[in-house]
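Residues per chain, in single letters:
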Amino acid sequence: KLCGINNKEITAQEISFQIAPRINAVGRIGNPDLILSLLSESNADKATKLAKECDNTNKKRREISNTIESEAMAIIQADNIPIPSFVVIAQSHWHPGVIGIVAARIVDRFNRPTALLARSQDGIFRASVRSPSTFSVINALEQCSNYLESYGGHPAAGGFTIKGKNIAK
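Calculation rules
- Residues numbered from 1 in each chain as written.
- Predicted model: local features only at pLDDT ≥ 70, side-chain atom pairs only at ≥ 80, totals over all residues.
- Heavy atoms only, no water.
- Helix = DSSP H or I, 4+ residues; strand = E, 2+ residues; numbered from the N terminus.
- Buried < 20%, exposed > 50% of the residue type's maximum accessible area, 1.4 Å probe, protein only.
- Polar contact = N/O pair within 3.5 Å; in protein donor to acceptor, adjacent residues only side chain to side chain.
- Contact = heavy atoms within 4.5 Å.
- Core = buried A, V, L, I, M, F, W, Y, C linked by side-chain atoms within 4.5 Å.

(A) The arrangement of the side chain of Thr114 in detail. As for its position among the elements, Thr114 is in strand 2 (residues 114-119). Here Thr114 falls in the buried class, since its relative accessible area comes to 0%. A polar contact of 3.0 Å, which involves the side chain of Thr114, links it to the backbone oxygen of Arg112. Thr114 has contacts with Phe86, Val87, Ala103, Ile106, Val107, Ser128, Val129 and Arg130, leaving out every residue within four places of it along the chain.

Set out below in C-alpha cells:
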C-alpha cells in the first residue's frame, strides 16, 4: 500500500523501483533489523507500522543523497574550471551509506570516474568509487593501494578506506 501497488500484480518493475529502494535505504542509513522484522511480521498492523518506518527511512535517504549531490555539484562547478579527469571529493559530514549513489549520479552527468569520501566515526574516510566503462576502478585502486587501509571492487565500482592524511596523495 505504501508503495502504491495495492491490488496490482507485483512484477520485477514494482520490486525494482518501489519495494527494493525502501529495503535498500534501511540497509544504507538505518538498522537492517527493521527489514527482518518487517518481512517476518504476521500481524498486519505491526507490519504496516514497520513498513512506514522503512518508507520514512527511504525519504530520509533521498534527502541526504540530494543534499550531498548538491554540495558535490557546487564543489565540482566552483571556480568555473574544467571538470577534472577524475573527480575526488572528501567531506567529513557526508553519510558514508549514500555516497555511492551520488558518485554514480556524477559519473552519469560528467562521464568521469568519481570517488566520494565520507569520514567514519573512527576518523577513517570511507570512499565509494564509480566509473564509466572506459576506466577500471579496481586497477586504479591497485595502483594506489599503498596509501589505502583497505579496498575492493570491480572495473565499474569499488570502495576503499583511507586515513585523512593520505587523501591528497
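(B) The nonpolar core, seen in detail. Core analysis: the biggest nonpolar cluster contains 17 residues, and Ile68, Ile76, Ile89, Trp94, Ile99, Ile106 and Leu116 have the highest contact counts within it. Listed by contribution, the elements that provide at least two residues to this core are helix 3 (44-77), strand 1 (87-91), helix 4 (99-110) and strand 2. For this core, the leading source of residues is helix 4, giving 6 residues. Once residues lying within four places of it in the same chain are set aside, the contact partners of Ile106 are Ala72, Met73, Ile76, Asn111, Thr114 and Leu116. Among the nonpolar cores identified, the runner-up in size contains 10 residues, and Ala115, Ala127, Val129 and Phe160 belong to it.

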